[in-house]
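# Overview (structure and organization)
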Amino acid sequence: MALVLGGALFTAIPAVASADDAAALQGAEQAAYLDGLKRLYLTDNERNALLAHSNALLETYALRAGYQVGQAQRQDLLYRLNVGNAGELILREESRGAQGTAISVRNQRVAVFGIDPFIRYECPTGGIRCVLFNPADGSPLLSIVRDHQGAGELAKALSFLIRNVQKG
């Protein structure tokens with residue numbers, strides 16, 4: 001049904017959206033998110049853009065010793081992501097004492113085939129950190145400074161990265 005008012009043509013749009021419309025909108029939102037990251041990091045490669053964004057967020061929201069006032073053993077927790085073998089992410093965790101001493105490095109391989117790519121996180125009110133959980137087994141994957149918005153953005157980027165790596 002079309003309606004003409006003041007020379008402009010308006011069409012009637014049904015008020016109820018179908019599941020297909022919701023899926024198309026979600027797909028459009030995903031495409032816009034990924035296109036924005038590719039423009040931001042000046043690449044045509046989705047995986048490179050997602051890796052760069054995830055690593056930038058990990059650096060921005062790193063749990064540094066300076067945030068741990070009053071804690072007995074203050075340390076920097078720094079993370080870096082890379083893609084390993086097919087279907088695998090490598091998470092590098094570096095912890096440093098408050099004075100830059102006692103550096104410890106740990107690499108964790110996260111197999112992504114067959115898992116739900118959704119990253120869950122928690123930011124307890126009484127704490128100084130947010131914890132993002134491994135989607136494979138629900139164990140703590142990494143910790144960042146307590147920032148709900150930062151944790152949400154990192155979880156979103158990691159979820160998209162896992163989905164991308166699952167594609168092969």
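The text that follows walks through the structure, step by step, so that each part is easy to find. (Residues numbered from 1 in each chain as written. Predicted model: local features only at pLDDT ≥ 70, side-chain atom pairs only at ≥ 80, totals over all residues. Heavy atoms only, no water.)

Turning our eyes to something else, we now look at helix α2 (residues 46-60). Since the α-helix turns once every 3.6 residues, residues separated by three or four places project in the same direction. For α2, built from 15 residues, the straight-helix expectation of 21 Å at 1.5 Å per residue is met to within 8% by its first-to-last C-alpha distance of 21 Å. Restricting attention to buried positions, one finds in α2 the residues A49, L50, L51, H53, S54, N55, L57 and L58. For α2, the side-chain oxygen to backbone nitrogen distance between the N-cap and R47 is 2.9 Å, and the N-cap itself is N45. (Helix = DSSP H or I, 4+ residues; strand = E, 2+ residues; numbered from the N terminus. Expected span 1.5 Å × (residues − 1). Buried < 20%, exposed > 50% of the residue type's maximum accessible area, 1.4 Å probe, protein only. Polar contact = N/O pair within 3.5 Å; in protein donor to acceptor, adjacent residues only side chain to side chain.)

Glancing now at the sheet that holds strand β5 (residues 104-111). Strand order in the open sheet formed by three strands is β3-β4-β5, and the pairing between neighbours is antiparallel. In this open sheet, the two edge strands, each paired with only one partner strand, are β3 (75-83) and β5. Pairs of neighbouring strands in the sheet enclose a mean axial angle of 20°, with direction left out of account. In the sheet, strand β4 (residues 88-97) pairs with β5 via eight bridges, with the strands oriented antiparallel. Note that in β5 the partner of R92 across the bridge is N107. Of the strands in this sheet, β3 and β4 touch helix α3 (residues 148-166), which is tilted by about 140° from β4. (Pairing = 2+ DSSP bridges. Axes fitted to C-alpha atoms, helices over the stretch in contact; angles between N-to-C directions. Contact = heavy atoms within 4.5 Å.)

Another aspect to go through is the state of the cysteines. The bond known as a disulfide is covalent and runs between the sulfur atoms of two cysteines. By the definition in use, this model includes one disulfide. Between C123 and C130 runs a disulfide, and the two sulfur atoms are separated by 1.9 Å. On the S-S bond that ties C123 to C130, the torsion sits near 115°, and the link is right-handed. (Disulfide = S-S within 2.5 Å.)

What follows is about unusual backbone geometry. Phi at L42 takes a positive value of approximately 50°, unusual for a residue other than glycine. Structurally, L42 can be placed in the loop between α1 (19-40) and α2. You can call L42 exposed: its relative accessible area is 77%.

On to the pattern of salt bridges, then. Opposite charge on two side chains permits pairing when their charged atoms draw close. For the coordinates displayed, the defined rule picks out six salt bridges. Here E94 ties to R92 by a salt bridge, and the two come within 2.8 Å at their closest N and O atoms. Since its relative accessible area comes to 33%, R92 is described here as partly exposed. In this structure, the salt-bridge partner of E94 is R96, at a minimum N-O distance of 2.8 Å. (Salt bridge = Lys/Arg side-chain N within 4 Å of Asp/Glu carboxyl O.)

When you tally the buried positions in strand β8 (residues 140-145), you get five out of six residues, the bulk of the element. Strand direction decides the pairing type here: strand β7 (residues 129-133) and β8, joined by five bridges, are antiparallel. The residue of β8 that forms the bridge with V131 is S143. Between β7 and the antiparallel strand that follows it, β8, lie six residues; G138 among them carries a positive phi value of about 80°.

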